[in-house]
Amino acid sequence: MLGPQQHWLKRFGAGAFLSLIVSSAGLFLAPVIEPAMALTNEEIATRVASFRQSNERWFQIDLSSQRLTAWEGGTPVYAVIVSTGKRSTPTVTGVFEIQAMHRTTRMRGADYDVPDVPWTMYFYRGYAIHGAYWHHNFGTPVSHGCVNVAVDHAQWLFNWADLGTPVVVQH
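Only a predicted model underlies this, so the values are computations on that prediction, with no experimental measurement involved.

About the criteria used
Within each chain, residue numbers correspond to sequence positions counted from 1 in written order. Given that this is a predicted model, residues contribute local features only at a pLDDT of at least 70 and side-chain atom pairs are listed and counted only at 80 or more, while totals for whole chains, interfaces and linings are drawn from all residues. Derived side-chain values reflect all non-hydrogen atoms in the structure, with water molecules and hydrogen atoms excluded from consideration. Stacked, tilted and edge-to-face pairs are distinguished by plane angle, under 30 degrees for stacked and over 60 for edge-to-face with tilted covering the rest, among Phe, Tyr and Trp rings (Trp via its six-membered ring) whose centres lie within 6.5 Å. Only runs of H or I of at least four residues qualify as helices and only runs of E of at least two qualify as strands under DSSP, and these elements are numbered from the N terminus. A helix is expected to span 1.5 Å for every residue after the first. Burial classes follow relative accessibility: with a 1.4 Å probe on protein chains only, a residue under 20% of its type's maximum area counts as buried, one over 50% as exposed, and anything between as partly exposed. Think of it as the arc spanned by the lines of direction from the helix axis to the C-beta atoms. By definition, residues are in contact when any of their heavy atoms lie within 4.5 Å. Two strands pair if DSSP finds at least two bridges between them. Axes here refer to lines fitted to C-alpha atoms; in helices the fit is confined to the stretch in contact. Angles between the N-to-C directions go from 0 to 180 degrees. Between N or O atoms, a polar contact is any pair within 3.5 Å; within protein, one atom must be a potential hydrogen donor and the other a potential acceptor, and residues adjacent in sequence are included only when both atoms are from side chains.

Draft legend 1. Expanded view of the packing of aromatic side chains. Considering all chains together, one arrives at ten aromatic pairs under this definition. Chaining the aromatic ring pairs together yields one cluster made of Phe59, Tyr78, Trp156 and Trp160.

Laid out in structure tokens, this is it:
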């Protein structure tokens, strides 16, 4: 049986390293993968085709339409309008996995400090899918790079997903 550290090394390979994350749950280490944005559109499409041929649960985030779809293999099971990163703080593209999940957490940046962010699922560094109670502009890119979801939808997505659930972000 692999321990937690060996599990991450096996899953992400020797090129992975750990990042210290501070949240309301305390300090913990999470993997940081370099740089997923290097995937081409064709490579992302190949991964999507692979997920659709499986029975695996996965998220697809379409930046062009501002939609998040939860899939089980090739079957969409839930879809919702989201708000992704604005032009000055875009959402990363690529293929990721849910790395950490928090029922609530505090998010801080250079120009924001938001307490009690609900149903947060980090998928790449500080990028997360999470509930947003502070705006109702879903369908418009307004975030600092995260994928903002209405709180009730975020709760459903959080309860449906697990650590390791794939997240595909594409245009």
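Draft legend 2. Inspection of helix H2 (residues 41-52) at higher detail. Over its twelve residues, H2 extends 16 Å from the first C-alpha to the last, a length consistent with the 16 Å expected when each residue adds 1.5 Å. Within the sequence span of H2, burial applies to Ile44, Val48 and Phe51. Seen along its axis, H2 keeps its buried residues to an arc of 60 degrees; they face one direction. Within H2, the exposed residues directed more than 90 degrees away from the buried face are Glu42 and Thr46. On its buried face, H2 is in contact with strand S3 (57-62), strand S6 (94-97) and strand S11 (166-170).

Draft legend 3. Examining the sheet that holds S3 more closely. Taken in spatial order, the five strands make up an open sheet running S5-S4-S3-S11-S6, and their pairing is mixed. Each edge of the sheet is formed by a strand with only one pairing partner; in this case those strands are strand S5 (75-81) and S6. The sheet shows a mean angle of 20 degrees between the axes of neighbouring strands, direction not considered. H2 contacts S3, strand S4 (67-72), S6 and S11 of the sheet and is inclined by roughly 140 degrees relative to S11.

Draft legend 4. The arrangement of the side chain of Gln66 in detail. Positionally, Gln66 belongs in the loop between S3 and S4. In this structure the side chain of Gln66 is engaged in a polar contact, spanning 2.8 Å, whose partner is the backbone oxygen of Leu63. With near-sequence residues (within four places) excluded, Gln66 lies in contact with Val80, Ile81, Val82, Ser83, Thr84, Gly139, Thr140 and Pro141.

Draft legend 5. Representation of the sheet that holds strand S10 (residues 147-149). The four strands lie next to each other as S7-S8-S9-S10, forming an open sheet whose pairing is mixed. Among the strands making up the open sheet, the edge pair consists of strand S7 (100-109) and S10. Neighbour-to-neighbour, the strand axes of this sheet turn through a mean angle of 40 degrees, independent of strand direction. Sheet topology note: the S7/strand S8 (residues 112-124) ladder contains eight bridges and is antiparallel. Bridge pairing links Gly109 to Tyr112 in S8.

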